[in-house]
Amino acid sequence: MDAIIKSAINKSISYPAYRELVKQFALEQATTGNEQTQAHVNFTKLNERRMKRWDKTLKVSESAKKRLEEFDGKITWLVITESWCGDAAHVLPALNKIAEITPNINYRVVLRDDNPKLMDAYLTNGNRAIPKVIIIDDTTGEVIATYGPRPSEAASYVKRFKAMNGQLTPEFKEDLQHWYNSNKGKNVIEDVTEILCRLQPSVCQ
């Protein structure tokens, strides 16, 4: 196993522990990460409410559940995030719903700014974009796939907007949050189920 990956796994926490961490930061009017700004504090508080809602309400379809239950590969998801990240607040709870159905998935969370070498090994278009899921084969220790920072539909939505406008506007970011709210985690579940199908084709037969 790569030394950077191994070190990050050793420092990682479970999803429930991460949820407690975000909850505590929100209560303390604080935030994770190097950039200790009021904006990030406010986003942490907002994301705590988002994740609390998704943890209660997100549903996995019966067809996806059937596929997920058939996946028996032993893998680790090492998820890079920060409490202030809006995309992460929608993606991480959906990942947790999948991991709950698929017990062979070891779901671990690390903070981006505490793990710069890990983050820089898994950039997206040269950027430290989060959340980023690094999928590791527990048998070989090899990285076999990555996912993120956004689900496929949201990523296409962002790419089109940037191509037309150069950069994301506050109005677009608000629209993106509306998309997440209406999609209810379905695109994340579809994307990740497809990844698991590629890793174990029998799941999708």
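Residues numbered from 1 in each chain as written. Predicted model: local features only at pLDDT ≥ 70, side-chain atom pairs only at ≥ 80, totals over all residues. Heavy atoms only, no water.

### Comments concerning the pairing of strand β5 (residues 143-147)
Inference 1: With 4 bridges connecting them, strand β4 (residues 132-137) and β5 associate as antiparallel partners. Looking across to β5, one finds that isoleucine 134 is bridged to threonine 146. (Pairing = 2+ DSSP bridges. Helix = DSSP H or I, 4+ residues; strand = E, 2+ residues; numbered from the N terminus.)

### Digging into the pairing of strand β3 (residues 105-111)
Inference 1: Burial analysis of β3 places 5 of its 7 residues in the buried class, the great majority of the element.
Inference 2: Relative to β3, strand β1 (residues 13-14) runs antiparallel, the two being bridged by 2 bridges. The residue of β3 that forms the bridge with serine 14 is arginine 108.
Inference 3: Following the chain from strand β2 (residues 75-81) across helix α5 (residues 86-101) to the adjacent parallel β3, one finds a crossover that is right-handed. (Buried < 20%, exposed > 50% of the residue type's maximum accessible area, 1.4 Å probe, protein only. Right-handed = clockwise from strand over helix to strand, strands pointing away.)

### Here we look at helix α7 (residues 152-165)
Inference 1: With 14 residues, α7 extends 20 Å from end C-alpha to end C-alpha; this agrees with the ideal 20 Å at 1.5 Å per step.
Inference 2: Phi turns positive one or two residues past the end of α7, at glycine 166, with a value near 90 degrees. (Expected span 1.5 Å × (residues − 1).)

### Details of the pattern of salt bridges
Inference 1: Under the counting rule described, the total for this entry stands at 5 salt bridges.
Inference 2: Here aspartate 55 and arginine 19 are joined by a salt bridge, their closest N and O atoms 2.8 Å apart. Separated by 36 residues along the polypeptide, aspartate 55 in helix α3 (residues 38-57) and arginine 19 in helix α2 (residues 15-27) bring together distant segments of the chain.
Inference 3: With a shortest N-O distance of 2.7 Å, aspartate 120 and arginine 128 are connected by a salt bridge.
Inference 4: Exposure remark for aspartate 120: the relative accessible area of 40% places this residue in the partly exposed category.
Inference 5: Exposure remark for arginine 128: the relative accessible area of 37% places this residue in the partly exposed category. (Salt bridge = Lys/Arg side-chain N within 4 Å of Asp/Glu carboxyl O.)

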